[in-house]
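Structural characterization, general
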Amino acid sequence: MIYNNDSNDNELVISSVQQPSMDPFFIFGLLLLALFLSVSFLLYLSRRAYASLPNPPPGKLGFPVVGESLEFLSTRRKGVPEKFVFDRMAKYCRDVFKTSILGATTAVMCGTAGNKFLFSNEKKHVTGWWPKSVELIFPTSLEKSSNEESIMMKQFLPNFLKPEPLQKYIPVMDIITQRHFNTSWEGRNVVKVFPTAAEFTTLLACRVFLSVEDPIEVAKISEPFEILAAGFLSIPINLPGTKLNKAVKAADQIRDAIVQILKRRRVEIAENKANGMQDIASMLLTTPTNAGFYMTEAHISEKILGMIVGGRDTASTVITFIIKYLAENPEIYNKVYEEQMEVVKSKKPGELLNWEDVQKMKYSWCVACEAMRLAPPVQGGFKVAINDFVYSGFNIRKGWKLYWSAIATHMNPEYFPEPEKFNPSRFEGKGPVPYSFVPFGGGPRMCPGKEYSRLETLVFMHHLVTRYNWEKVYPTEKITVDPMPFPVNGLPIRLIPHKHQ
Ligand code: HEM
């Protein structure tokens, strides 16, 4: 290295002439090593915290760093995610066991009692927690969503996502759904269900949340989405080329597209060309928060992105599994068909669906619930302990991650006899016991999009079954879970249009 003092301005210059240049792969390797060591150190500290506590929940933390993640992920890949939980419940304890998954030393709470505890102790003993990858994709919001952001959005979301305000969107949902069937189903012999359903849920979200229908604008939001979804629950390494890094960039692209729409809307509202309450985007632009400030366009775009992420693949998964199970159970398909044809018969030709029509679709909703029981789009969720407490006789320490598992109750014969069987009548009458059916979570943090999803699913089912019957292209197509349940080929089906069309 040469220190060069000859420059005119007498600055000390470090000449790089004789310095061997650092190989980028070497730097990348060093970064990875540093990351590995820091993660290992943090995990070591969290394991030590477990070891130092008397009477923690029973269980194994598995290998250093990876913990039991490999088994957790491999049971999902094989389509039997419940095995991970049930094996440990049988081996250690039916109520709670400890493990280490996705980089977090975690107590898994099982059964209806575990769900009840986690859902009804928000802010008292626990609060929401998201894995690192999610925090990196939503740097300004979801990290806080557990706290202030979630409270702030609770001011707005009920005005929009509760059953009453949503009623007026049913005719809009109907128009968008018909358009989707006309463009993406009509005239086709085979349709690949999952990507087609994702196209539908994105189009509907763009229309209902943002009043956007233009295919070019919708594409700017929907195209980067797959990349975002792939990195959503990935290994938290944000370096060029990783799934997470691509997801972070894809999220930025979508946010930018939403900001452009918001800027235009602001002008339209000022010029009285748009209504300040026409959709959630306009409402967020024109209404101050309870804390007395107006949200910026960047902040609103973040919120809308969160809603689209929350609702896109979840609802597409539900639609996909409804279609799969109806193909496998023709007698159940017939009952749904009859129910939906009753609705058709009660309408004038061309009359759009409304709230009363959706209330008549009771059996169809049982079918959707049964699909969510067997294939819950969100398989479970993390919380974090905010103080020390005792659960089921075991000590839980502040800062520990806690996991509730939807499949642990959904697939438990104690709550759902013959759990493998697709049987929508379980949801008739009194329905399942409290806290056993939890596809939307529960308590104060329960999914705010539940009613919106119910309406979009039922409107979709109405047009689907009144237009088509279908059969699976691959009768034994395998199911994997990554992070949501997914037929490995995307569920291609052969359409059989009804003659009455
Ligand atoms: C079938 C479709 C859906 C399923 C199965 C689902 C499931 C869930 C679950 C399990 C949670 C976590 C609840 C908890 O921690 O207790 C959640 C949270 C959330 N969902 Fe959904 N969701 C769906 C659709 C939607 C839709 C359509 C939206 C937006 C309109 C949405 C927005 C959100 C948001 C913003 C949160 C975070 C709430 C908070 O942190 O307070 N979801 N969802």
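Residues numbered from 1 in each chain as written. Predicted model: local features only at pLDDT ≥ 70, side-chain atom pairs only at ≥ 80, totals over all residues. Heavy atoms only, no water.

Looking at an unreviewed UniProt entry, the protein carries the name Cytochrome P450, with the source organism given as Quillaja saponaria. According to its UniProt record, the protein has this under Subcellular location (unreviewed entry): "Membrane". Of the protein, the UniProt comment under Cofactor (unreviewed entry) reads exactly: "heme". (UniProt positions renumbered as here; feature names shortened; annotations may be inferred.)

1. Considering the overall build of the protein
When helices and strands are counted, the protein shows 20 helices and 14 strands. Scored against the burial criterion, the 501 residues of the protein give a buried share of 51%. Look at the contacts in the protein between residues 6 or more apart in sequence, and 70% of them connect residues 24 or more apart. (Helix = DSSP H or I, 4+ residues; strand = E, 2+ residues; numbered from the N terminus. Buried < 20%, exposed > 50% of the residue type's maximum accessible area, 1.4 Å probe, protein only. Contact = heavy atoms within 4.5 Å.)

2. A few points about the coordination of the iron atom of the ligand
Of the protein atoms, C447 (SG) alone serves as a donor to the iron atom of the ligand, at 2.3 Å. Along the chain, C447 turns up in the loop between helix 19 (406-410) and helix 20 (450-467). (Donors = N, O, S within 2.8 Å, 3.2 Å for Na, K, Ca; no water.)

3. Some points on the sheet that holds strand 14 (residues 492-497)
Overall, antiparallel pairing links the three strands, which are arranged 6-14-11 in an open sheet. Here the strands that pair on one side only, and so sit at the sheet edges, are strand 6 (190-192) and strand 11 (468-472). Direction aside, neighbouring strands of the sheet carry axes that sit 40° apart on average. Packing of helix 10 (residues 193-210) onto the sheet brings it into contact with strand 6 and strand 14, and relative to strand 6 it is tilted by some 70°. (Pairing = 2+ DSSP bridges. Axes fitted to C-alpha atoms, helices over the stretch in contact; angles between N-to-C directions.)

4. What to know about a nonpolar patch on the surface
A grouping of F63, V66 and L70 is seen on the molecular surface, where their side chains present a nonpolar patch of about 320 Å² in accessible area. Checked against the element boundaries, L70 lands in helix 2 (residues 69-77). (Patch = residues over 30% accessible without salt bridge, like charges linked within 9 Å, V, L, I, M, F, W, Y side chains within 5 Å. Areas by Shrake-Rupley, 256 points an atom, 1.4 Å probe, with all protein chains shown as cover. Salt bridge = Lys/Arg side-chain N within 4 Å of Asp/Glu carboxyl O.)

5. Focus on unusual backbone geometry
Here the bond from D482 into P483 is cis, since omega is -15°, no more than 30 degrees from zero. Here P483 is to be found in the loop between strand 12 (479-481) and strand 13 (485-487). The phi torsion at N55 lies on the positive side, around 55°, for a residue other than glycine. With respect to the helices, strands and loops of the structure, N55 is situated in the loop between helix 1 (24-52) and helix 2. Of note, N272 is a non-glycine position whose phi angle comes to about 60°, a positive value. Along the polypeptide, N272 turns up in the loop between helix 13 (243-270) and helix 14 (280-286).

6. Some remarks on the environment of P81
With respect to the element layout, P81 can be found in the loop between helix 2 and helix 3 (82-91). Here the alpha-carbon distance between P81 and S405, two residues 324 residues apart in the chain, equals 9.8 Å. Beyond its immediate stretch of four places on either side in the chain, P81 contacts T75, R76, Q379, I407 and V481.

7. Digging into the confidence of the model for the protein
Overall, the predicted model of the protein reaches an average pLDDT of 87, with 86% of residues at or above 70. In this model residues 1-21 is a low-confidence stretch, pLDDT under 50, and it forms 16 contacts with partners more than four residues away in sequence or in other chains. (pLDDT = per-residue confidence, 0-100.)

8. Regarding the nonpolar core
Ranked by internal contacts, the top residues of the largest apolar core, which has 101 residues, are W185, F209, I221, I323 and W470. Looking at which element gives the most residues to this core, the answer is helix 15 (residues 297-328), with 13 residues. In this structure I221 touches C206, L210, I254, A257, I258, I261 and I308, once residues within four positions along its chain are discounted. Core analysis: the next-biggest nonpolar cluster, separate from the first, contains 19 residues, C93, M109, L118 and V438 among them. (Core = buried A, V, L, I, M, F, W, Y, C linked by side-chain atoms within 4.5 Å.)

9. A short note on the packing of aromatic side chains
Within this structure, the stated rule accounts for 20 aromatic pairs. Between the aromatic rings of F72 and Y403, the centroid separation amounts to 6.2 Å while the plane-to-plane angle is 85°, which identifies the pairing as edge-to-face. Of the two residues, F72 sits in helix 2 while Y403 sits in strand 10 (residues 401-405), which places them 331 residues apart along the sequence. Each member of the pair F72 and Y403 is classed as buried. Arranged with centres 5.2 Å apart and planes meeting at 40°, the rings of F209 and Y452 form a pair that is tilted. (Phe/Tyr/Trp six-rings, centres within 6.5 Å; stacked < 30°, edge-to-face > 60°.)

10. So, the environment of K249
As for its placement among the helices and strands, K249 is situated in helix 13. Take K249: its relative accessible area is 51%, and that puts it in the exposed class. Between the C-alpha atoms of K249 and P224, which are 25 residues apart in sequence, the distance is 8.8 Å.

11. As for the pairing of strand 7 (residues 380-385)
The buried fraction of strand 7 is high, at six of six residues. Here strand 7 shows two buried faces, one formed by G380, F382 and V384 and the other by G381, K383 and A385. Note that strand 7 and strand 10 share five bridges and pair antiparallel. Each bridged residue has a counterpart across the sheet, and for G381 the counterpart in strand 10 is W404.

12. Topic: the sheet that holds strand 10
Ordered in space as 3-4-10-7-5, the five strands form an open sheet in which the pairing is mixed. Only two strands of the sheet have a single neighbouring strand rather than two, namely strand 3 (96-101) and strand 5 (126-128). On average, adjacent strands in this sheet sit at an angle of 35° to one another, irrespective of strand direction. Pairing of strand 4 (residues 104-109) with strand 10, which is carried by four bridges, proceeds in the parallel orientation. Within strand 10, the position partnered with V108 by the bridge is Y403. Sitting on the sheet, helix 3 touches strand 3 and strand 10, and the angle it makes with strand 3 is about 135°.

13. Considerations on helix 18 (residues 362-374)
Across its 13 residues, helix 18 extends 19 Å between first and last C-alpha, which sits within 8% of the 18 Å expected from 1.5 Å per residue. When we look at burial in helix 18, the residues that qualify are Y363, S364, W365, C366, V367, A368, C369, E370, A371, M372, R373 and L374. (Expected span 1.5 Å × (residues − 1).)

14. Focus on the pattern of salt bridges
Here the structure, examined in full by the defined rule, presents 30 salt bridges. Notably, a salt bridge pairs E297 with K263, separated by 3.1 Å at the nearest N-O pair. Note that E297 is positioned in helix 15 and K263 in helix 13, a separation of 34 residues in sequence. Where R454 meets E451, a salt bridge forms, and the shortest distance between an N and an O atom there is 3.0 Å. Highlighted residues: R454 and E451, both in helix 20, separated by three residues, approximately one helical turn. Neither R454 nor E451 differs from the other in exposure class; each is buried.

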